[in-house]
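Working through the structure, step by step
If you want the building blocks of each chain, they are given just below.
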Amino acid sequence: MLGRERTDLRDPDWFLDPFSGTRAPQDVLAFRIDHRDPGVTGDVKQVWELSRHQHVTVLAGAYWLTGEDEYAEAAAHQLRSWWAANPVLRGVHWTSGIELGLRLVSWAWTRRLLDGWSGVRDLFEDDDGALAQLRWHQEHLRSFPSRGSSANNHAVAESCGRLVAACAFPWFEESERWRVEAGRQLRRDLRSNTFADGLNREQAGDYHRFVCELAALALVEARAAGHPGDGPDADLVTAGLDAAAALLDRSGRPPPR
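Everything quoted here is computed from the prediction, not taken from an experiment.

So, about the packing of aromatic side chains. This structure, assessed with the given rule, holds seven aromatic pairs. Between Trp-83 and Trp-107 the ring centres are 5.7 Å apart and the planes differ by 80 degrees, which places this aromatic pair in the edge-to-face class. With Trp-83 in helix α4 (residues 69-85) and Trp-107 in helix α5 (residues 97-113), this pair connects stretches of sequence that are 24 residues apart. Using a relative accessible area of 0% as the deciding quantity, one classes Trp-107 as buried. Consider the rings of Trp-83 and Phe-124, whose centres lie 5.8 Å apart with planes at 80 degrees: the pair is edge-to-face. Linking Trp-83 in helix α4 with Phe-124 in the loop between α6 (120-123) and α7 (128-143), this pair joins segments that are 41 residues apart in sequence. Note on Trp-83: relative accessible area 7%, which makes it buried. Its relative accessible area of 0% is what places Phe-124 among the buried residues. Each residue in the set Trp-82, Trp-83, Trp-107, Phe-124, Phe-169 and Trp-171 is aromatic and connected to the rest through ring pairs, giving one cluster.

Here you go:
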């Protein structure tokens, strides 16, 4: 994870940086936590990265490929553990919007990949804890969007997460409004982050690819949900992908940063 080996993923402590031994705050109002202070959180990137739940989509993908319940049960255990440990606005995992946005994307893919599992409705639709998390992640991102110097790839990830969640989990009275708002915000964020020729304004290869992936994902999700008009501008997404291809060297490698 982030170039370092983690051996604590079977039943993780969602707040522990295993390399410094520092445990980030759990039972503190998120707005009172200085996540930029390693004395408070340890390496917060190690703490946050695990809670993006991209490793849970790997477990869900293993279930989808094999049909073996143990993978679905492991994914469900991880999600229930995280949901129980992270009530709304408590702890370090509510301090940065990009983390909430990327979690929503992971949850959407996990739900989709586990669709054939007998326990999937108990995990998502019929679980009050899951529904509360899905609601408050979307409410939080709607209420506290990134601004100023963070209105870059962070803002794109936040609005992408909102749009994906509203399309994948249209279970709330507000879902249609959230979807329309998120799509409008994503189109603004993407234009602000991307030149007309498709190049990323942050002028960093990693961020260019990251934003392109988010934009393409949002485009596909909106279309799959039957709401293509709420997705990002397809021409701008295509320009971003073309620009990414144009930046490859003769061996097909992208810029290192």
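Structure shown, so let's carry the discussion forward.
Moving on, we come to the nonpolar core. Grouped together as the largest cluster of nonpolar side chains are 60 residues, with contacts concentrated most on Trp-107 and Leu-114. Trp-107 has contacts with His-53, Leu-79, Trp-82, Trp-83, Phe-124, Gln-133, Leu-134, His-137 and Phe-169, leaving out every residue within four places of it along the chain.

This paragraph deals with the environment of Gly-101. Here Gly-101 lies in helix α5. Judged by relative accessible area, which is 0%, Gly-101 ranks as buried. When the C-alpha positions of Gly-101 and His-154 are compared, they lie 8.8 Å apart, and in sequence the two are 53 residues distant. With sequence-adjacent residues up to four places away left out, Gly-101 is seen in contact with Leu-141, Ala-157, Glu-158 and Gly-161.

In this section: the pattern of salt bridges. According to the stated counting rule, one finds 17 salt bridges in the structure shown. Salt-bridge contacts for Arg-52 lead to Glu-99; the nearest nitrogen and oxygen are separated by 2.8 Å. Of this pair, Arg-52 sits in the loop between α2 (44-50) and α3 (54-66) while Glu-99 sits in helix α5; the two residues are 47 residues apart in sequence, bridging distant segments of the chain. The same class applies to Arg-52 and to Glu-99, which are both buried. The partner of Arg-112 in a salt bridge is Glu-221, with the nearest N and O atoms 3.0 Å apart. Of the two residues, Arg-112 sits in helix α5 while Glu-221 sits in helix α10 (residues 205-224), which places them 109 residues apart along the sequence. Assessed through its relative accessible area of 5%, Glu-221 is described here as buried. Salt bridges sharing partners connect three or more residues here, namely Arg-111, Asp-115, Arg-121, Glu-125 and Asp-126.

The next thing to look at is α4. An α-helix turns once per 3.6 residues; consequently, residues spaced three or four apart project the same way. Its 17 residues place the ends of α4 24 Å apart at the C-alpha level, agreeing with the 24 Å of an ideal helix rising 1.5 Å per residue. Burial in α4 covers these residues: Ala-72, Ala-75, Ala-76, Gln-78, Leu-79, Trp-82, Trp-83 and Ala-85. Where α4 is buried, its residues contact α3, α5, α6 and α7.

Moving on: the packing of α5 against α7. In a pair of packed helices, the angle between the axes and the distance between the axes together describe the arrangement. Where α5 meets α7, the closest approach of the two axes is 10 Å, and the angle between their N-to-C directions is 140 degrees. With respect to α7, the axis of α5 lies oblique. Between α5 and α7 lies a crossing of left-handed hand. Contacts from Gly-97, Leu-100, Gly-101, Arg-103, Leu-104 and Trp-107 in α5 reach Gln-133, Leu-134, His-137, Gln-138, His-140 and Leu-141 in α7. Taken together, the residues that form the contact of α5 with α7 break down as five nonpolar, six polar and one charged.

Our focus in this paragraph is the side chain of Arg-52. For Arg-52, a relative accessible area of 11% corresponds to the buried category. Only 2.8 Å separates the side chain of Arg-52 from the side chain of Glu-99, close enough to count as a polar contact. Ignoring anything within four residues of it in the chain, the contact list for Arg-52 reads Lys-45, Ile-98, Glu-99, Leu-102, Arg-103 and Ser-106.

Definitions and cut-offs
- Residues numbered from 1 in each chain as written.
- Predicted model: local features only at pLDDT ≥ 70, side-chain atom pairs only at ≥ 80, totals over all residues.
- Heavy atoms only, no water.
- Phe/Tyr/Trp six-rings, centres within 6.5 Å; stacked < 30°, edge-to-face > 60°.
- Helix = DSSP H or I, 4+ residues; strand = E, 2+ residues; numbered from the N terminus.
- Buried < 20%, exposed > 50% of the residue type's maximum accessible area, 1.4 Å probe, protein only.
- Core = buried A, V, L, I, M, F, W, Y, C linked by side-chain atoms within 4.5 Å.
- Contact = heavy atoms within 4.5 Å.
- Salt bridge = Lys/Arg side-chain N within 4 Å of Asp/Glu carboxyl O.
- Expected span 1.5 Å × (residues − 1).
- Axes fitted to C-alpha atoms, helices over the stretch in contact; angles between N-to-C directions.
- Parallel < 35°, antiparallel > 145°, perpendicular 65-115°, else oblique.
- Left-handed = near helix turned anticlockwise from the far one by under 90°.
- Nonpolar A, V, L, I, M, F, W, Y, C, P; charged D, E, K, R; others polar.
- Polar contact = N/O pair within 3.5 Å; in protein donor to acceptor, adjacent residues only side chain to side chain.

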